[in-house]
Amino acid sequence: MGIRLLKAGISSFIIFEKSDRVGGTWYDNSYPGAGCDVPSHLYCYSFEPNPNWSRKFSLQLEIQDYLDHCAVKYGLMKHIRFRTEIAGASFDEGQGVWRMRTTTGEELCAHVLVSATGQLNRPHVPKLLGLDCFEGTTFHSARWNHDHDLAGENVAVVGNGASAIQFVPCIARVARKVTIFQRSANYVVPRFDRAYKPWERWIFQNVPLALWLYRATIYWRLEARFFGFFRDSWVGKKLREGALKYLGQWVSDPALAERLTPDYPIGCKRILISDDYYESLVRPNVEVVTEPIAGVARRGIVTEDGISRSFDTIIFATGFETTSFLAPMQIEGLGGRKLAEEWRTGAEAYLGVTLSGYPNLFLLYGPNTNLGHNSIIFMIECQVNYVLQCIQQLMRQGLSYLDVRREAMDQYNQHVQRAIEKTAWAAGCHSWYKTESGKVTNNWSGFTVEYWWKTRQPDFGAYELVPRG
Ligand code: NAP
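The rules behind each value
- Residues numbered from 1 in each chain as written.
- Predicted model: local features only at pLDDT ≥ 70, side-chain atom pairs only at ≥ 80, totals over all residues.
- Heavy atoms only, no water.
- Helix = DSSP H or I, 4+ residues; strand = E, 2+ residues; numbered from the N terminus.
- Rg over C-alpha atoms; globule rule 2.2 N^0.38 Å.
- Buried < 20%, exposed > 50% of the residue type's maximum accessible area, 1.4 Å probe, protein only.
- Contact = heavy atoms within 4.5 Å.
- Near = heavy atom within 4 Å.
- Polar contact = N/O pair within 3.5 Å; in protein donor to acceptor, adjacent residues only side chain to side chain.
- Areas by Shrake-Rupley, 256 points an atom, 1.4 Å probe, with all protein chains shown as cover.
- Nonpolar A, V, L, I, M, F, W, Y, C, P; charged D, E, K, R; others polar.
- Pairing = 2+ DSSP bridges.
- Axes fitted to C-alpha atoms, helices over the stretch in contact; angles between N-to-C directions.
- Salt bridge = Lys/Arg side-chain N within 4 Å of Asp/Glu carboxyl O.
- Disulfide = S-S within 2.5 Å.
- Right-handed = clockwise from strand over helix to strand, strands pointing away.
- Patch = residues over 30% accessible without salt bridge, like charges linked within 9 Å, V, L, I, M, F, W, Y side chains within 5 Å.
- Phe/Tyr/Trp six-rings, centres within 6.5 Å; stacked < 30°, edge-to-face > 60°.
- Lys NZ or Arg CZ within 6 Å of the ring centre and 35° of its normal.

*Asks:* Before we go on, may I ask you to explain the overall build of the protein chain in this structure?
*Replies:* For the protein chain, the helix and strand inventory stands at 13 helices and 20 strands. Radius of gyration (C-alpha) of the protein chain: 23 Å, near the 23 Å computed for a compact globule of 469 residues. Seen through its C-alpha atoms, the protein chain measures out along the principal axes to roughly 70 × 55 × 45 Å. With 469 residues in all, the protein chain has 51% of them scored as buried. Long-range pairs, those at least 24 residues apart, make up 72% of the contacts in the protein chain between residues at least 6 apart in sequence.

So, in structure tokens, the structure goes:
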């Protein structure tokens with residue numbers, strides 16, 4: 001967003017960052033083996049291709065370097081205020097400005113407020129009975145304790161999602177024993193990761209068209225995967241067969257294979273992509289426990305069958321608070337309406353970007369814009385493009401604010417929810433894409449080209465445009 005603002009000649013903006021460095025999720029998630037399961041040549045900005053990616057699926061440090069590079073190259077550093085957390089913001093209708101408060105009590109105001117806080121920012125740690133009394137070490141995968149050495153330890157891992165499958169193979173090589181507490185099984189497909197050969201990198205560096213074509217090929221290959229996300233689709237059936245075949249290749253013990261076989265349609269939860277997770281599960285020092293956790297004792301974890309296991313360390317790979325979006329920020333719109341209350345039954349927005357009653361507030365990676373099949377960078381670039389055009393409209397017409405009409409927003413969300421009904425996400429499984437009541441608030445309902453089409457330019461007829469008074 002910052003880069004596009006600068007490119008459009010708008011330099012009067014500040015980026016608030018609660019952390020002390022850029023990178024967001026790629027700064028927070030530094031656990032061993034952290035990397036991206038979207039090919040790197042697509043998981044980068046369209047305007048800043050990187051011919052130097054070292055491998056098909058880069059690890060966290062390389063992605064962090066790329067983001068640092070972008071921030072410096074495009075002159076963003078002087079616009080960023082690090083270690084500054086916004087506690088809340090309320091819209092001042094008379095002045096047409098957002099009044100913001102930081103957590104240290106500082107007050108600021110701006111005509112336009114853009115949120116880019118992500119969907120996977122606040123770690124979720126389950127409230128397990130007795131956890132406070134555990135005498136060993138505990139930490140969450142997104143807050144990895146790098147000062148703590150797991151060598152020779154008895155380690156418990158709670159959760160087996162995208163984060164766990166990346167670090168379990170790494171810690172299994174050093175820990176004495178790793179016990180994974182799995183609540184539900186996931187579909188895992190191979191990643192086919194490898195380092196790029198020097199000649200391949202040479203081509204990427206010297207033949208821009210080849211780089212562009214390679215990126216386009218990855219995009220369309222991933223885009224086609226969406227066919228597998230329609231309920232009961234033939235592609236979905238093939239994907240499931242492929243995933244179960246892959247499981248069979250690694251796990252010969254029928255009892256373990258059964259425990260690792262999901263009981264819901266493929267795609268309902270995020271499909272996991274890994275070359276080494278199953279390999280690590282068949283190591284002699286790795287155990288998968290599917291009995292539910294009853295509670296935590298002083299020295300370990302007790303499962304509902306009464307078995308107690310001792311641990312030195314418990315690692316929570318239990319995901320994030322995904323459905324509360326802008327929380328804990330307190331956002332107040334026109335007439336003092338409170339976003340947290342309006343979103344109590346599930347967050348929604350117009351195109352995932354604007355909210356009726358919250359003028360000049362724009363969300364990046366907002367409700368119903370997450371993907372299960374393609375690169376989120378593509379979606380964010382669509383949103384940035386949309387927001388920029390709205391800001392330019394505000395400036396061009398000297399508007400006080402623009403506010404999406406309630407009917408337009410409701411109609412849009414009815415369409416999204418109807419489309420989601422036809423996808424695997426709406427099938428019977430628990431996932432971070434849904435609220436407790438089962439409403440899918442996180443995922444986009446279709447192909448990403450469809451989203452691009454809808455967001456390529458704003459339909460200002462859907463907005464109330466209020467002139468400066
Ligand atoms: P996650 O997918 O939400 O997985 C959380 C895990 O913790 C699940 O296995 C869940 O079980 C389990 N869990 C949660 N509460 C529990 C409890 N009370 N007791 C027992 N188990 C519990 O979180 P994540 O692995 O951190 O990944 C989140 C998302 O981050 C991913 O889906 C992905 O979008 C993103 N991510 C991406 C990459 C990448 O390569 N691009 C890598 C890592 C993460 P249930 O399944 O039963 O709920």
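*Asks:* For this particular structure, what's the right way to read the site of the ligand?
*Replies:* The environment of the ligand is made up of 24 residues, and the closest members are Asp37, Ser163, Ser184, Lys269 and Trp432. At 2.9 Å from an oxygen atom of the ligand is found a side-chain nitrogen or oxygen belonging to asparagine 160. Alanine 317 has a polar backbone atom sitting 3.2 Å from an oxygen atom of the ligand. Notes on the ligand: free accessible area 910 Å², of which the protein chains cover 86%. In terms of residues, the shell around the ligand owes the most to one element, helix α4 (residues 162-172), which gives three residues. Of the residues belonging to the shell around the ligand, the class tally is nine nonpolar, 11 polar and four charged.

*Asks:* Explanation requested: the sheet that holds strand β3 (residues 86-92) in the structure shown.
*Replies:* Strand pairing within a sheet occurs via backbone hydrogen bonds; the two strands may be parallel or antiparallel. If you walk across this open sheet you meet the four strands as β5-β4-β3-β17, and the pairing is mixed. Of all the strands in the sheet, just β5 (107-110) and β17 (330-332) have a single pairing partner and so form its edges. Averaged over neighbouring strand pairs, the angle between their axes works out to 15 degrees when direction is ignored. Sheet topology places β3 next to strand β4 (residues 97-102); six bridges connect them, and they run antiparallel. Within β4, the position partnered with glycine 88 by the bridge is arginine 101.

*Asks:* For this particular structure, what's the right way to read the pattern of salt bridges?
*Replies:* Opposite charge on two side chains allows them to pair when their charged atoms are near. With the rule as written, the count across this model stands at 17 salt bridges. Here lysine 338 ties to glutamate 332 by a salt bridge, and the two come within 3.8 Å at their closest N and O atoms. Residue class for lysine 338 comes out partly exposed when judged on its relative accessible area of 37%. Given the relative accessible area of 29%, glutamate 332 is considered partly exposed. For the salt bridge of glutamate 348 with lysine 439, the shortest nitrogen-to-oxygen distance reads 2.9 Å.

*Asks:* Would you mind showing me how to read unusual backbone geometry here?
*Replies:* Leaving glycine aside, a negative phi is the common case for residues, and trans is the common case for peptide bonds. Look at the link from alanine 327 to proline 328: it is a cis peptide, with omega at 5 degrees. Inspection of the secondary structure puts proline 328 in the loop between β16 (313-316) and β17. One non-glycine residue, leucine 351, adopts positive backbone phi at about 60 degrees. Backbone geometry places tyrosine 365, a non-glycine residue, at a positive phi of 55 degrees.

*Asks:* Explain the state of the cysteines to me, please; I cannot follow it from the model alone.
*Replies:* One way to say it: the disulfide is the covalent bond shared by the sulfur atoms of two cysteines. For the coordinates displayed, the defined rule picks out one disulfide. With no disulfide of its own, cysteine 70 lies 8.4 Å from the sulfur of cysteine 44, the closest cysteine sulfur. With a relative accessible area of 2%, cysteine 70 lands in the buried category. No disulfide involves cysteine 390; its nearest neighbouring cysteine sulfur is the one of cysteine 382, lying 14 Å away. Overall, cysteine 390 belongs to the buried group, its relative accessible area being 0%.

*Asks:* What should I look at first to understand α4 in this one?
*Replies:* Quick reminder: α-helices carry 3.6 residues per turn. Residues three or four places apart thus point the same way. With nine of its 11 residues buried, α4 lies for the most part within the structure. Buried within α4 are the following residues: Ser163, Ala164, Ile165, Gln166, Phe167, Val168, Pro169, Ile171 and Ala172. Buried-residue contacts for α4 involve β8 (154-158), β9 (177-181), β11 (272-273), α9 (277-281), β12 (286-289) and β16.

*Asks:* Would you mind going over the pairing of β9 with me for this structure?
*Replies:* Both faces of the sheet carry side chains from a regular strand, because those side chains alternate between them. Taking burial as the measure, the five residues of β9 include four buried ones, the bulk of the element. Across five bridges, the pairing between β8 and β9 is parallel. If you follow asparagine 154 over to β9, its bridge partner there is lysine 177. In this view, the connection linking β8 to its parallel neighbour β9 by way of α4 has right-handed handedness. Of the pairings in the sheet, the one linking β9 to β12 comprises four bridges and is parallel in character. When the sheet's bridge partners are listed, isoleucine 180 is paired in β12 with valine 288.

*Asks:* Can you help me understand the sheet that holds β8 in this one?
*Replies:* Reading across the sheet, the five strands line up as β7-β16-β8-β9-β12 and stay open at both edges, with parallel pairing between neighbours. Of all the strands in the sheet, just β7 (137-140) and β12 have a single pairing partner and so form its edges. Strand-to-strand twist of the sheet, defined as the mean angle between neighbouring strand axes without regard to direction, takes the value 20 degrees. Packing of α4 onto the sheet brings it into contact with β8, β9, β12 and β16, and relative to β8 it is tilted by some 170 degrees.

*Asks:* Would you mind showing me how to read a nonpolar patch on the surface here?
*Replies:* A cluster of nonpolar residues, Trp202, Val207, Leu209, Trp212 and Leu213, forms a patch on the protein surface that exposes about 560 Å² of accessible area. Residue contributions to the nonpolar patch peak at three residues, all from helix α6 (residues 208-224). Position of tryptophan 202 relative to the elements: it lies in helix α5 (residues 198-206).

*Asks:* Looking at this structure, how should I read the packing of aromatic side chains?
*Replies:* Each pair of aromatic rings is reported with the distance of its centres and the angle of its planes. Using the criterion set out here, one finds 34 aromatic pairs in the structure. With 5.9 Å between their ring centres and 80 degrees between their planes, phenylalanine 181 and phenylalanine 311 make a pair best called edge-to-face. One end of the pair, phenylalanine 181, is in strand β9; the other, phenylalanine 311, is in the loop between β15 (308-310) and β16, with 130 residues separating them in the sequence. Like phenylalanine 181, the residue phenylalanine 311 is buried in the burial classification. Over the aromatic face of tyrosine 264 sits the side chain of lysine 269, whose NZ or CZ is 5.8 Å from the ring centroid. The residue whose ring lies beneath arginine 456 is tryptophan 453, and the NZ or CZ to ring-centre distance is 3.6 Å.

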